[in-house]
Structures are given as structure tokens and as C-alpha cells.
Amino acid sequence: MTSLTPSLSQLISLTRPVHVVDAAVLSAIAWALVQLIKTTRRRLSTTQLKGPQNPSFALGVGKLLNDSPDAGAVYEQWAEEYGLVFKVASALGKTRIVLCDPKAIAHFYARETYGYVLTPLSKMAIENLAGRGLLWSQGDSHKRQRKTLTPAFSNAAIRKLTSVFYDSAYKAKSAWDSIIESKGDSDGLIIEVQNWMNHISLDTIGIAGFSHDFGSLDGKVTSVTEVFDSFGTAKPSPLNSLFFLLAPVFPWLIKLPTSRAKLVKKLNTTMGEISEELLSRTRKEKEADASDAKAENSIIGLLIKAEAETAELHLSPEEVMAQMKVLLIAGYETTSVSLTWALLELAQNTEVQDKLREEILSQFPGADPTYDQLTSGLPYLDAVVHEILRIHPPVPEFTRVAAEDDVLPLSEPVRTASGELVDNISVAKGTLLSINIASLNRSTYFWGPDAKVFNPARWLGEDGVTGKAKEIQGHRHLLTFVDGPRTCLGKSFAITEFKAILVRNFSFEMVDPNAKVEMARGLLPRPRLVGEEGCSVSLRVRRVE
């Protein structure tokens, strides 16, 4: 027996790792087979489309688009070559369908949240940043959460908030007046405007949404502003970029502790702390005065009302917290990006700036326009705002996955990979579909030969927008606010804030008329002037008496 013991031990020691390796290999083979079967089924059930050649099996067209100064123009070129619906290569041999056809896009949007849903990467990224709120939810859950918040974004609600938008504009005006006065520079001052637009946006959403003044326009530094600003100054590493390109295939990559992932986690935590503080304060105020109207129709009031177990549209504590975070991000990030683009375009197009100021001052020399006047009484202001939203959508692209088999109708036929001309395409469950908003908003096919030019006059024709652009559904034939069940809930809020803050008391000029504008990566893509640090946009600002 003693002589057998070592042999048995040796045998066990030799076979155990082999079993582990075998199990790992078998698991990998099984996973690969399942993926192959799914991919084969999708390809057999999906119309095979033309598209650009795959430049890289590992990264697909991701790096090409990421390195391009204008990814929208690249998509537009592909649409011209392959038709309004085409395929592109994604990472590790995967593909996705790109929709540029208005009829297909309208069908897609009508079925979003049920037929077309968030990709695993999108769900994980949104949850990491803001939790399981309105942006994360789908189907009936999304419908319930959206319905809860809708009263806070009605026309009546926005009408009451217009004074808040003006207050933020006047705070910035007062601060800039003081700076210009103290410097005594009659030629104006160079001011880094993007940071100021961040402050305006944060203070506005704080007061309008949560009855809380962050005080950033008064120079107060809070943990929320510090973290938001960190995204603009952080320098992307090659590793971050690689993970970003591979994440559609391996979503868990965004959970790795990269510098950006740490910032996202810190922002989530910080927003959670301030949200809990604001919710706690408002609950106490409501208990002290149950008749307080503020607690009924404000964003935070509606959220607290929905917390009750007896509420018709009940929200869980997790959902309430997530809505707070989503609204902070949306109110801060998208608005500040758009306002910065507005000042840049006006600085580069001074004749537009002069005409805009003339319209506002001639009609309202001594008073601020009301909500109704902002909405329909200032046509040139409306044209400027929508032209900025057309050329510079804050979110340039998004991707969804088909939750079930579907057939997409087309407004004009496309030629398949086999050469067949078809007027609809079959899409199998699991297929990825993308819509590049920047490309469609600036496409010469839809908007004419001057599509890339900042031209507010295009909105002032007798019939408004003309040509093929009219085929695009969505707010004013733009996809900036998307469409369908996931249309941006804060659309009217954002447009009214935009109009209330735009030019009146100051003129803006480029410091260097030849300066180039490039894209930087904040939480969302942001403009910056070439040669400046982070996401800086420095303009010459003068007072207008």
C-alpha cells in the first residue's frame, strides 16, 4: 500500500490541472459555437447589405471613425456610395446596420424600447453613470418612469421656469460686468466661455429642477462641479481608447479601473450624495407644509410624490435616485455643450450675431421676452437656435439591438450585396443598428449643398425647411432630440433655456480669426480651440450698451 500511495498522489496531481484546462477549453469552444450559431442565424435571416471594406478585424471601422475629425461626413460618404442603408464592420468580426433612410428610421423609432432596445454596453454604461433610471429602462418600465416625470416638462411648467433661466443669464452678466470693470479694458476681455456655460447650466438645473442653488456662478466650488470639470481636463490614454473600441464586444471592459472609469464612478457617487441631500431636505419641507405647490409639480416634487407605495406611478428608491442623477447630467452636460457651440458660431459669424441682437433689442428694448414670446415671437432667434442644434447635436450617434425579427421599410430601394434591388430589409433578432445623428443633420442629400454651413436663414422660408429634409421625422426634421417613445423629455426645457440665455448684453469675437475648432472628450464630445488646454474656448467679450 505504501508503494502505491505516491503513484496515486502523482496521478491526481497530474490529472487535476488537465481537467481544469479541459473545462476551460470546452467552455471556450462552447461559447464560440454559440456565437457562431447566433451569427450564422442573423446573417441568414438579415438582408445582406453593401458597405465599406473592413479595415481591421480587431477594431472594425471604430478606429477609423474615432480618428476622423468628422465621423458624420464619413458616414455620409458611405451612404452616397452604398445607399441609405448599409453595413459596417464592428470589432472582432461583428457588423452593424447604419440607417440613413427616413422611412426606416421612422419605423425604427416607433418600435424603440420594445422592438429595438439598448445594447448590453449601453445599459452597463448608463447604470455605471446614473443607475437604473429613465435612460436605462426599457419597455413598460420606461413608459412608467417617463409618465411620472412628464408634468415637470409640460409647457405650463416651462413657462413658470423662464424667470429662472433669466436669473442665471443675469448672474453671468453681473460677473462678466465686474470682471470687465475691474480690468478697465475698453477693448473687451478674453474669457474662457465654456466653463461659464457649465456654471450657467448647473445652476439652472439645480434651481429649476431641485430648488437648489449650486452657486457655481457666484464662485462656489462644489464636489459636483469639480467632478464634472474633471472630465474636460482628463487626457484620454491609448488604453482607454482601445477599451472604448472593444467595449461593444466585451462590455465588461468599461468596468476596469481606468482613469475614465474612476471618474465615472466618482461622479455617480457624488451625484448620489447631493441627490440624497436634496431629497431629504424636500421631504422635510413637504412634511412641514403638505400644501406646498413647489413639491407637487417640480421635478423633485414629482419624484417624492412617486415614492409613495400608493402612488399610481410608483418609483422605487433606486429609480428616484437614478432620475435625479440623469437630470443633473442632462441639464448640465447637453445644455452647456450646446451653449458653447452657440457662442462659437456667433463669434465666427458676427453678421448673424448682430442680426440676432437687433431682433431681440428692437422688440424688447426694456424687458425680457415672456415664455410665449420666446417660443413664437422671435423668428430669427428660433432659427439660430435650431441651426446650432442641427449642426452640433450633443449626442452624435447611438446604437440599438433588435429584440425580435423585423422588416424595415425603405423610402427608396437599396442594392444588396448580391446586387438585388430591394425596398425593405429583413433584420434578425440580435442585429445591431446605428443612427448617426450628426451625419443626417448635416447631410447634403437632405439639407442641400450648404448643409455644412451655419445658415439660420434656412429656417425662415415661407414653408420652413424644404426638400428631402422634410422626410425626416423628429422635432423640426432634426434627430437631435431623437424621436418616438424615447424623444428627449427635456426638449422644451433645453430650447427655452437656450433662447433665454443667448446674446443680448455682450458681443463675442474670435481672439484669433484663424483659430481652428476641434472636438475634445468631456462626458460628451465638446468643442475646444486648437492649442488650448482641456475643453477651453476663449473668446473676446465686449459689453453692448
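Residues numbered from 1 in each chain as written. Predicted model: local features only at pLDDT ≥ 70, side-chain atom pairs only at ≥ 80, totals over all residues. Heavy atoms only, no water.

Trainee: So what about the overall build of the protein chain? Which residues, and what values?
Mentor: A tally of helices and strands in the protein chain yields 20 helices and 12 strands. Burial status across the protein chain gives 49% buried among its 545 residues. A separation of at least 24 residues holds for 73% of the contacts in the protein chain among residues at least 6 apart in sequence. Here the protein chain has roughly 25,400 Å² of accessible surface; of this, 57% comes from carbon and sulfur atoms. (Helix = DSSP H or I, 4+ residues; strand = E, 2+ residues; numbered from the N terminus. Buried < 20%, exposed > 50% of the residue type's maximum accessible area, 1.4 Å probe, protein only. Contact = heavy atoms within 4.5 Å. Areas by Shrake-Rupley, 256 points an atom, 1.4 Å probe, with all protein chains shown as cover.)

Trainee: Would you mind going over unusual backbone geometry in detail, with residue names and values included?
Mentor: Positive phi, normally seen in glycine, also occurs at Arg476, with a value near 55°. Summarising the element assignment, Arg476 is placed in the loop between helix 19 (444-447) and helix 20 (491-501). Of note in the backbone geometry, His477 takes a positive phi value of approximately 65° without being a glycine. A relative accessible area of 23% places His477 in the partly exposed class.

Trainee: I'd like a description of the nonpolar core, backed by residues and values.
Mentor: Grouped together as the largest cluster of nonpolar side chains are 138 residues, with contacts concentrated most on Leu99 and Ile425. Apart from the residues lying within four places of it in its own chain, the contact partners of Ile425 are Thr47, Leu49, Val85, Ile97, Asp406, Val407, Leu408, Leu410 and Val414. By size, the runner-up hydrophobic cluster in this structure holds seven residues, among which are Leu59, Ala91, Val249 and Leu253. (Core = buried A, V, L, I, M, F, W, Y, C linked by side-chain atoms within 4.5 Å.)

Trainee: An account of the side chain of Ser216 is needed here, citing residue identities and associated values.
Mentor: Tracing the backbone shows Ser216 in the loop between helix 8 (193-210) and helix 9 (223-233). Judged by its relative accessible area of 4%, Ser216 is buried. When sequence neighbours within four positions are dropped, the list of residues in contact with Ser216 reads His199, Leu202, Asp203 and Thr225.

Trainee: Kindly report on the packing of aromatic side chains, identifying the contributing residues and their values.
Mentor: Tallied over the full model, the rule gives 15 aromatic pairs. Note on Phe108 and Tyr116: the rings are 4.8 Å apart at their centroids and 35° apart in plane angle, and the pair reads as tilted. In terms of burial, Phe108 and Tyr116 fall into one category: buried. Ring centres of Phe108 and Phe398 lie 6.3 Å apart, and the angle between their planes is 40°; on these two criteria the pair is classed as tilted. Within this pair, whereas Phe108 is found in helix 4 (residues 102-110), its partner Phe398 is found in strand 5 (residues 397-402), the two being separated by 290 residues in sequence. Here Phe108 matches Phe398 in class, with each residue buried. (Phe/Tyr/Trp six-rings, centres within 6.5 Å; stacked < 30°, edge-to-face > 60°.)

Trainee: Just give me the short version of the sheet that holds strand 5, but keep the residues and values in it.
Mentor: One open sheet accounts for five strands, arranged 1-2-8-5-3; its pairing is mixed. Because the sheet does not close on itself, it has two edges, and the strands there are strand 1 (85-89) and strand 3 (116-118). The mean angle between the axes of side-by-side strands here comes to 40°, regardless of whether they run parallel or antiparallel. Across five bridges, strand 1 lies against strand 2 (residues 95-99) in antiparallel orientation. Paired with Val88 across the two strands is Arg96, which belongs to strand 2. (Pairing = 2+ DSSP bridges. Axes fitted to C-alpha atoms, helices over the stretch in contact; angles between N-to-C directions.)

Trainee: Explain the environment of Gly133 to me, using residue names and the numbers behind them.
Mentor: Relative to the helices and strands, Gly133 is located in the loop between helix 5 (120-130) and helix 6 (139-149). Of the residues examined, Gly133 reaches a relative accessible area of 0% and is grouped as buried. Taking the C-alpha atoms as reference points, Gly133 and Lys325, separated by 192 residues in sequence, lie 8.4 Å from one another. Excluding anything up to four places from it in sequence, Gly133 contacts Gln145, Ala322 and Gln323.

Trainee: A description of the pairing of strand 4 (residues 189-192) should follow, citing residues and the corresponding values.
Mentor: Burial along strand 4 is one-sided: the face carrying Leu189 and Ile191 is buried and the face carrying Ile190 and Glu192 is not. In this structure, strand 4 lies alongside strand 12 (residues 538-543), joined through four bridges in antiparallel fashion. Along strand 12, the bridge assignment pairs Glu192 with Ser538.

Trainee: Let's hear about the pattern of salt bridges: which residues, and what values?
Mentor: One pass over the structure, following the stated rule, counts 28 salt bridges. With a closest N to O distance of 3.8 Å, Arg543 and Asp177 form a salt bridge. Taken together, the residues span a long stretch of sequence, with Arg543 in strand 12 and Asp177 in helix 7 (residues 155-183) at a distance of 366 residues. On the accessibility criterion, Arg543 (36% relative accessible area) is partly exposed. The exposure class assigned to Asp177 is buried, which follows from its relative accessible area of 15%. Each of the salt bridges in this network shares a partner with another, and the network as a whole consists of Lys173, Asp177, Glu181 and Arg543. (Salt bridge = Lys/Arg side-chain N within 4 Å of Asp/Glu carboxyl O.)

Trainee: Can you lay out the confidence of the model for the protein chain for me, pointing to particular residues and giving the numbers?
Mentor: When pLDDT is averaged across the protein chain, the result is 88; 90% of the residues are at 70 or more. By mean pLDDT, the top-scoring element of the protein chain is strand 8 (residues 432-436) (98), and the lowest-scoring one is helix 12 (residues 294-297) (55). Here residues 1-5 is a poorly scored stretch, pLDDT under 50, and it has zero contacts once near neighbours within four places are set aside; other chains count. (pLDDT = per-residue confidence, 0-100.)

Trainee: Now, about helix 7: what can you tell me, with residues and values included?
Mentor: Structural remark: α-helix, 3.6 residues per turn; residues separated by three or four positions point the same way. The end-to-end C-alpha distance of helix 7, which contains 29 residues, comes to 42 Å, matching closely the 42 Å that a straight helix rising 1.5 Å per residue would cover. Roughly 35° is the biggest bend found in helix 7, and it falls at Leu161. Directly after helix 7, the chain includes Gly184, whose backbone phi takes a positive value near 60°. (Expected span 1.5 Å × (residues − 1). Bend = angle between axes of the 7 residues up to and from the residue.)

Trainee: Before we move on, can you summarise the packing of helix 14 (residues 317-348) against helix 17 (residues 379-391) with the specific residues and values?
Mentor: In contact at an axis separation of 10 Å, helix 14 and helix 17 are set at 110° when each is read in the N-to-C sense. With respect to helix 17, the axis of helix 14 lies roughly perpendicular. From helix 14, Ser338, Trp341, Ala342, Glu345 and Leu346 reach across to helix 17, where they touch Val384, Ile388, Leu389 and Ile391. Taken together, the residues of the contact of helix 14 with helix 17 break down into seven nonpolar, one polar and one charged. (Parallel < 35°, antiparallel > 145°, perpendicular 65-115°, else oblique. Nonpolar A, V, L, I, M, F, W, Y, C, P; charged D, E, K, R; others polar.)

Trainee: Describe the environment of Asp187, listing the residues and the values that go with them.
Mentor: Considering the arrangement of structural elements, one finds Asp187 in the loop between helix 7 and strand 4. Here Asp187 falls in the partly exposed class, since its relative accessible area comes to 37%. It is 8.6 Å that separates the C-alpha atoms of Asp187 and Val541, two residues lying 354 residues apart in sequence. Setting aside chain neighbours within four positions, we find Asp187 in contact with Arg540 and Arg542.

Trainee: Tell me what's going on with the environment of Thr431, and back it up with residues and numbers.
Mentor: Counting through the fold element by element, Thr431 comes out in the loop between strand 7 (421-427) and strand 8. Polar contacts involving the side chain of Thr431 include one to the side chain of Thr46, which spans 3.4 Å. (Polar contact = N/O pair within 3.5 Å; in protein donor to acceptor, adjacent residues only side chain to side chain.)

Trainee: For the side chain of Arg486, give the residues involved together with the corresponding values.
Mentor: Within the element layout of this structure, Arg486 appears in the loop between helix 19 and helix 20. The side chain of Arg486 is buried and forms no salt bridge, while Glu112, the nearest opposite charge, is found at 4.3 Å. Among residues more than four places away in sequence, those in contact with Arg486 are Glu112, Thr113, Leu118, Leu134, Leu135, Trp136, Ser137, Gln138, His142, Arg146 and Arg400. (Lys, Arg positive; Asp, Glu negative; His and termini not counted.)

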